[in-house]
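For reference, the chains in residue letters:
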Amino acid sequence: MTNKWHLKEIVLLSILGVVFAVIYLLAFGIGQGLVGFLTPFGLGPLGYEFIFGIWFIVSIIAAYIIRKPGAAFTSELIAGTVQVLIGSPAGPMLIITAAIQGLGAEFAFAVTKWRDYRLRVLVAAGVFAAVFSFAWHFYSSGFFAYAMWLVAVMFIVRMISGALLAGLLGKWISDQLAKTGVLRGYALGKELQKKRERNDAA
């Protein structure tokens, strides 16, 4: 598999980044609602953690479909930048957060030298994105001021969310798109086509 990027891959990466920037902003509202609901119970900081994996999902989808070094990182960076441009409440600091999340996801694929895109690697990418982002938020968002038991629970919940909402859901969404045929010109679509051909020949 060549690492050379083609124009159609760059275009798809950009489209994914913009689309998920909008989805991420919508998720912010859901997170606020969860925070408001949990705050009376002293669990407000957990509100965003349950859905935090959503903010990693574009990196999983982009990497799984395109299968090129940098796809996970760049897609997250684009999504973060677009969010800032269209008015995210998080402000410009969000671009740094997006870059760190993208690096976390990219790390999982880099370990396999960008050759393995099975479910376990996609789930690992979601978990690493959670770990990297949590380390950043521990300082940038002042998590160190919380009780250690709460920080531990937040960390665990974010990793689970990354595994499920980014890794598992990201794969499912990508596979459904591939089945429609719209990804025929990309690595995932070509893989699916080869599987169909083998099944037809069997």
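Residues numbered from 1 in each chain as written. Predicted model: local features only at pLDDT ≥ 70, side-chain atom pairs only at ≥ 80, totals over all residues. Heavy atoms only, no water.

Looking at an unreviewed UniProt entry, the protein chain carries the name Energy-coupling factor transport system substrate-specific component, with the source organism given as Alkalibacillus filiformis.

## Regarding the nonpolar core
In this structure, Leu 12, Leu 16, Phe 20, Tyr 24, Ile 65, Phe 109 and Leu 183 are the most contacted members of the largest nonpolar core, which totals 39 residues. Every element with two or more residues in this core is listed here: helix H1 (7-38), helix H2 (57-66), helix H3 (71-85), helix H4 (93-111), helix H5 (119-140) and helix H6 (148-180). Here this core takes 9 residues from H2, the largest share from any one element. Contact partners of Leu 183, with chain neighbours within four places excluded, come to Leu 12, Ile 65, Ser 174, Leu 177, Ala 178, Leu 188, Gly 189 and Lys 190. (Core = buried A, V, L, I, M, F, W, Y, C linked by side-chain atoms within 4.5 Å. Buried < 20%, exposed > 50% of the residue type's maximum accessible area, 1.4 Å probe, protein only. Helix = DSSP H or I, 4+ residues; strand = E, 2+ residues; numbered from the N terminus. Contact = heavy atoms within 4.5 Å.)

## Some details on unusual backbone geometry
One non-glycine residue, Arg 67, adopts positive backbone phi at about 60°. Positionally, Arg 67 belongs in the loop between H2 and H3. Among the residues examined, Arg 67 registers a relative accessible area of 6% and is labelled buried. Backbone geometry at Lys 113 places phi at a positive 60°, although glycine is not the residue there. As for its position among the elements, Lys 113 is in the loop between H4 and H5.

## A short note on H5
Here H5 contains 22 residues, and its C-alpha end-to-end distance of 31 Å stays within 8% of the 32 Å for a straight helix at 1.5 Å per residue. If you check which residues of H5 are buried, you get Val 121, Leu 122, Ala 125, Gly 126, Ala 129, Ala 130, Ser 133, Phe 134, His 137 and Phe 138. Next to the buried residues of H5 lie H2, H4 and H6. Gly 142 occupies a position one or two residues after H5 and carries a positive phi of about 70°. (Expected span 1.5 Å × (residues − 1).)

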